[in-house]
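Each chain, written out:
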Amino acid sequence: MNSISDKLQKNLADFKQEHLLTFWDELSGTEQHELDAQLESINFKYIDSLQNQSSEEKEKTIEPCATVLLDDSCNQQGIDSIRRGEIGVLTVAGGQGTRLGWSGPKGTYPATPISGKSLFQVIAEQIVFASKKYNTSIPWYIMTSVENDDVTRSFLLDNNCFGLERTDIFLFTQGEVPVVDKDGKMLLSSKSKIAMNPDGHGGVISALQRSGGLDEMVTRGVKYLSYVQIDNPLVNVVDPWFLGLHMGDLSSAEASSKCVKKMDPDERVGVFCSVNGNVEIVEYSDLPSEKASERDNDGQLSYGSGSIALHLFSIEFLQRIAEDLPWHKANKKVPFVDLYTGEIINPDTPNAYKFEKFVFDVLRFAKKPLVVETKREEEFAPIKNASGQDSPKTSHALQLERANRWLSLRGVQVSEEARVEISALTAVRAGDLVPSTLPSSIGANQKVIL
Ligand code: UTP
């Protein structure tokens, strides 16, 4: 039988977590070893401090925030920077995808309407396209979770990294935090395992630093990071127009974000606001309803700049704030082992607290943050839910609409019912389509992949 070190025993006693050893004597040698290793990896003092930190709520003054329009003025600066190899892509792909209900990592989900390309492939092909177009290499940093890291690695390798060099892809795993009950006691998910939760998309900054990713970027000469989520097949991953605005004429913004106009006051998206003078995203559930429906003199929603979770970050800025993001505490239903019976209980009501960081919390630390308004129909078709809003069905319809619109802009007669999918290897905006290579018309029942 293995024994627990004196230091660990003391830690468990000091932080009232001795119950985690309730089943110690029943465990096999391997299980004891695993539980011991997990206990050794937990910073009990830190977890204890989170519980007080996250309940602090200060008085907030919320006001509308200024935005600029994405326009054609600054793209040359962005293009030059991309050519110099200064941009990298960061994708957070560690989420559990609970709402979609897909068994694998969300990035493996077949997302395009005709060929069913995965969400990973959609992003990879844009990076391949931009690398060729700007004759440069663009590294891709992908955050996985402890749970989905192996499957994600195999998926990318089995698919030859979708045409990217293996040396340009960096996978790193996000952190995990123990789940606690209302009294701050950690829960067991089995007799030999402490229940853990991924530390949220905001965990990406410290995970990048821990894994050496931020240092690697500096060595490579990467100065800007294009942050994209995994689940939006219309995402514009390498956008010189956005980068040009971020770089600015005189001095760079430290963080820039894209927004779209909210469809209506009740749309459930976070909104860019000025909070106590800082740019922040206020979640839809935290925006008072009278503010959500307030309109300006032009009849536009005053708080109508909806977040699409697309950001550009300057690397120096991320290095500075890597450990500064606050924790958020959420009351959730978490299965746990009953300490008296040893049975696993699936609670009907929230029984535990999970701790997470949100990436958009970086904005409040940024000097000169910029919020850039773009067109929803060009860049936003998320796949969040299995059905209804933001589902594969709505995303397919938006992808097909955009493809038809691009073809019409390039002079092709397209029936509204035509089904067209445009690969990112062919075009990432309408202007990339070469009219001489396109059919003159596409009829109602035709299915075309370009
Ligand atoms: P969501 O908040 O939509 O969560 O993540 P999700 O895990 O994909 O889906 P649900 O809520 O369980 O249904 C937005 C983005 O943040 C990433 C996701 O992979 C997605 O790209 N994410 C989220 C992480 O990388 N880690 C996390 O801990 C949470």
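Attention in this report is confined to the structure presented alongside it. (Residues numbered from 1 in each chain as written. Predicted model: local features only at pLDDT ≥ 70, side-chain atom pairs only at ≥ 80, totals over all residues. Heavy atoms only, no water.)

Notes on the overall build of the protein chain
Within the protein chain, the regular secondary structure consists of 13 helices and 23 strands. In terms of its C-alpha atoms, the protein chain occupies a principal-axis envelope of roughly 75 × 50 × 45 Å. Relative to its 450 residues, the protein chain shows a buried fraction of 53%. For the protein chain, long-range pairs separated by at least 24 residues make up 75% of all intrachain contacts whose partners lie at least 6 apart in sequence. (Helix = DSSP H or I, 4+ residues; strand = E, 2+ residues; numbered from the N terminus. Buried < 20%, exposed > 50% of the residue type's maximum accessible area, 1.4 Å probe, protein only. Contact = heavy atoms within 4.5 Å.)

As for the pairing of strand E11 (residues 255-261)
A regular strand places its side chains so that they alternate between the two faces of the sheet. Counting buried residues in E11 gives six out of seven residues, a clear majority hidden from the surface. With four bridges joining them, E11 and strand E19 (residues 370-373) adopt parallel strand pairing. The partner of Ser257 across the bridge, within E19, is Val371. (Pairing = 2+ DSSP bridges.)

A word on the packing of aromatic side chains
Under the defined criterion, the tally for this structure stands at eight aromatic pairs. Where Tyr141 meets Phe170, the ring centres are 5.0 Å apart and the plane angle is 15°; that geometry is what we call stacked. With Tyr141 in strand E4 (residues 140-144) and Phe170 in strand E5 (residues 169-173), this pair connects stretches of sequence that are 29 residues apart. With a relative accessible area of 1%, Tyr141 lands in the buried category. Classification of Phe170 as partly exposed rests on a relative accessible area of 22%. (Phe/Tyr/Trp six-rings, centres within 6.5 Å; stacked < 30°, edge-to-face > 60°.)

Digging into the side chain of Gln174
Considering the arrangement of structural elements, one finds Gln174 in the loop between E5 and strand E6 (176-178). Among residues more than four places away in sequence, those in contact with Gln174 are Gly94, Gly95, Met143, Thr144, Ser145, Val146, Pro198, Asp199, Gly200, Ala207 and Arg210.

Looking at the site of the ligand
Taken together, the neighbourhood of the ligand is formed by 18 residues, with Val92, Thr98, Arg99, Gln174 and Lys384 sitting nearest. Contacts to the ligand include Gly200, whose backbone N or O atom sits 3.2 Å from an oxygen atom. Between the ligand and Ile230, the relevant distance is 3.1 Å, taken from an oxygen atom to a main-chain nitrogen or oxygen of the residue. Protein chains shield 86% of the accessible area of the ligand, which is 570 Å² for the free molecule. Each residue belonging to the shell around the ligand can be placed in one class, and the counts come to five nonpolar, nine polar and four charged. (Near = heavy atom within 4 Å. Polar contact = N/O pair within 3.5 Å; in protein donor to acceptor, adjacent residues only side chain to side chain. Areas by Shrake-Rupley, 256 points an atom, 1.4 Å probe, with all protein chains shown as cover. Nonpolar A, V, L, I, M, F, W, Y, C, P; charged D, E, K, R; others polar.)

Examining the pattern of salt bridges
A complete count under the given rule lists 20 salt bridges for this structure. Note that Glu125 and Lys117 form a salt bridge whose closest N and O atoms lie 2.9 Å from each other. By relative accessible area, Glu125 is classed as buried at 6%. With a relative accessible area of 14%, Lys117 lands in the buried category. With its nearest N and O atoms 3.1 Å apart, the salt bridge here joins Lys261 to Glu373. (Salt bridge = Lys/Arg side-chain N within 4 Å of Asp/Glu carboxyl O.)

Things to note about helix H4 (residues 75-83)
Every buried residue of H4 is accounted for by Asn75, Gly78, Ile79, Ser81 and Ile82. In a view along the axis of H4, the buried residues occupy a sector of 165°, so they form one face of it. Looking at the packing, one finds that the buried side of H4 touches strand E3 (87-92), strand E10 (224-229) and helix H9 (240-247). Looking one or two residues past H4, Gly85 carries a phi angle of roughly 80°, positive in sign. (Arc of directions from axis to C-beta.)

Some words on the environment of Thr61
Inspection of the secondary structure assignment puts Thr61 in the loop between helix H3 (44-53) and strand E1 (62-64). Along the sequence, Thr61 and Leu370 sit 309 residues apart, while their C-alpha atoms lie 20 Å from each other. The contact partners of Thr61, leaving out residues within four places of it in the chain, are Ser274, Val275 and Asn276.

A closer look at the environment of Pro240
On the secondary structure map, Pro240 appears in helix H9. Pro240 sits in the buried class, given a relative accessible area of 2%. The spatial distance from the C-alpha of Pro240 to the C-alpha of Phe380 is 18 Å, given a sequence separation of 140 residues. Each residue touching Pro240, except ones within four places of it in the same chain, is listed here: Cys74, Asn75, Gly78, Ile79, Ile82 and Tyr134.

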